[in-house]
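# Analysis of the macromolecular model
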Amino acid sequence: MSVGRRHVGGANLVVSELAIGAAPFGKGDRVRDGQRGVDAIVHRALDLGVTLFDTAESYGDAPGRSEELLGNALAGRRDEAVVSTKFRPGGSRDHIRRAVEGSLRRLRTDWIDLYQIHSPDPGTPIEETLAALDELVIEGKIRYAGSSNFAGWQIADAEHTARARGYRGFVSAQHEYNLLWRKPEEEILPAVNAYQLGLLAYFPLQNGLLTGKYRPGLAPADGKVTRFKSHLLRDAPWAELERFSAYARDRGLTEVQLAYGWLLAQPGVSSLVTGVTTVAQLD
């Protein structure tokens with residue numbers, strides 16, 4: 001089974017439809033065996049045709065630890081991967097230039113394929129952020145820039161500012177999106193499609209609730225929701241989830257296949273970013 005490829009919006013950036021979210025890398029004991037465990041996940045993903053790896057300078061028990069582990073794992077196979085990372089809020093030119101140098105060093109690479117601002121920075125004009133990112137593209141330190149967790153109006157504002165000033169605008173928007181969280185359909189997806197951006201959907205399985213392994217009163221002890229987000233179990237729409245599972249079974253699908261397939265059928269969606277902690281889970 002091969003993993004499909006898609007362009008990120010209208011950009012000449014091709015990524016796998018399924019992406020590895022590296023937030024668990026370097027976070028407690030979520031990936032066992034440390035670097036060896038990350039190496040195994042990354043190498044298996046590449047062998048399966050997954051090319052997009054999404055991380056951030058803030059991921060890990062210590063900031064930058066996820067980037068370090070990912071960079072080490074990609075040693076010798078960097079050309080096979082599309083690396084996406086994010087810088088913490090702070091869209092000023094000085095902040096961005098310091099942040100990108102740190103990420104390049106930790107990722108052990110000369111370039112970042114997609115560099116995203118992790119969330120809006122109300123203290124810095126978007127023009128300054130776009131200008132700084134444009135400089136990095138010209139210098140070859142990043143290939144493309146994107147946003148994460150922007151509101152619809154902020155995506156539109158960034159696009160119009162880039163056009164007015166002659167800067168390269170964002171090519172992507174990263175947001176939580178799944179069958180249980182469809183708020184992006186109100187403003188984010190219309191903006192993404194209006195400006196030919198690509199949506200990178202994180203939590204596509206709503207932290208595991210859409211996998212079928214959770215039931216009322218039955219939750220795996222080592223599951224992400226059980227360990228870190230028990231409120232999702234308390235508030236889960238169990239009747240709807242049971243109908244979802246039955247719908248999948250009636251069509252010979254797993255819940256994961258149905259959840260992924262539905263998302264990938266939505267206009268504007270480029271890739272689904274899923275956190276992986278074991279090779280077995282990846283397979």
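In case you missed it, the structure is sitting above this.
A few points on the structure. All values derive from a computational prediction rather than experimental measurement.

### Re the packing of aromatic side chains
- By the definition in use, this model includes four aromatic pairs.
- Ring centres 5.8 Å apart and planes at 90 degrees place the aromatic pair Phe 150 and Phe 170 in the edge-to-face group. Taken together, the residues span a long stretch of sequence, with Phe 150 in the loop between strand E7 (142-148) and helix H5 (152-165) and Phe 170 in the loop between H5 and strand E8 (172-176) at a distance of 20 residues. Phe 170 shares its class with Phe 150; the two are buried.
- The side chain of Arg 78 reaches across the aromatic face of Trp 111, ending 4.1 Å from its centre.

### Side note on the pattern of salt bridges
- Taken as a whole, this structure holds 23 salt bridges when the rule is applied.
- A salt bridge links Glu 67 to Arg 106, with the shortest nitrogen-to-oxygen separation between them at 2.7 Å. Placement of Glu 67 in helix H2 (residues 65-73) and of Arg 106 in helix H3 (residues 93-107) is noted, with a sequence separation of 39 residues between them. The two residues Glu 67 and Arg 106 agree in class, both being buried.
- When the shortest N-O distance is used, the salt bridge between Glu 101 and Lys 141 registers 2.5 Å. Placement of Glu 101 in helix H3 and of Lys 141 in the loop between helix H4 (126-139) and E7 is noted, with a sequence separation of 40 residues between them.
- Take Glu 101: its relative accessible area is 36%, and that puts it in the partly exposed class.
- By relative accessible area, Lys 141 is classed as partly exposed at 21%.
- The network of salt bridges with shared partners includes Arg 93, Arg 97, Glu 101, Glu 135, Glu 139 and Lys 141.

### A few points about the pairing of strand E3 (residues 18-21)
- With four bridges joining them, E3 and strand E10 (residues 269-275) adopt parallel strand pairing. Residue Gly 21 lies in a different strand from E10, and its bridge partner there is Gly 275.
- Bridge analysis of E3 against strand E4 (residues 52-54) gives two bridges, and the strand direction is parallel. Counterpart to Gly 21 in the pairing with E4 is Asp 54.
- Once the chain exits E3 it traverses helix H1 (residues 34-48) before rejoining the sheet at E4, and the crossover so formed is right-handed.

Rules used in this analysis
- Residues numbered from 1 in each chain as written.
- Predicted model: local features only at pLDDT ≥ 70, side-chain atom pairs only at ≥ 80, totals over all residues.
- Heavy atoms only, no water.
- Phe/Tyr/Trp six-rings, centres within 6.5 Å; stacked < 30°, edge-to-face > 60°.
- Helix = DSSP H or I, 4+ residues; strand = E, 2+ residues; numbered from the N terminus.
- Buried < 20%, exposed > 50% of the residue type's maximum accessible area, 1.4 Å probe, protein only.
- Lys NZ or Arg CZ within 6 Å of the ring centre and 35° of its normal.
- Salt bridge = Lys/Arg side-chain N within 4 Å of Asp/Glu carboxyl O.
- Pairing = 2+ DSSP bridges.
- Right-handed = clockwise from strand over helix to strand, strands pointing away.

Everything listed here is a matter of geometry and, on its own, says nothing about what the molecule does.
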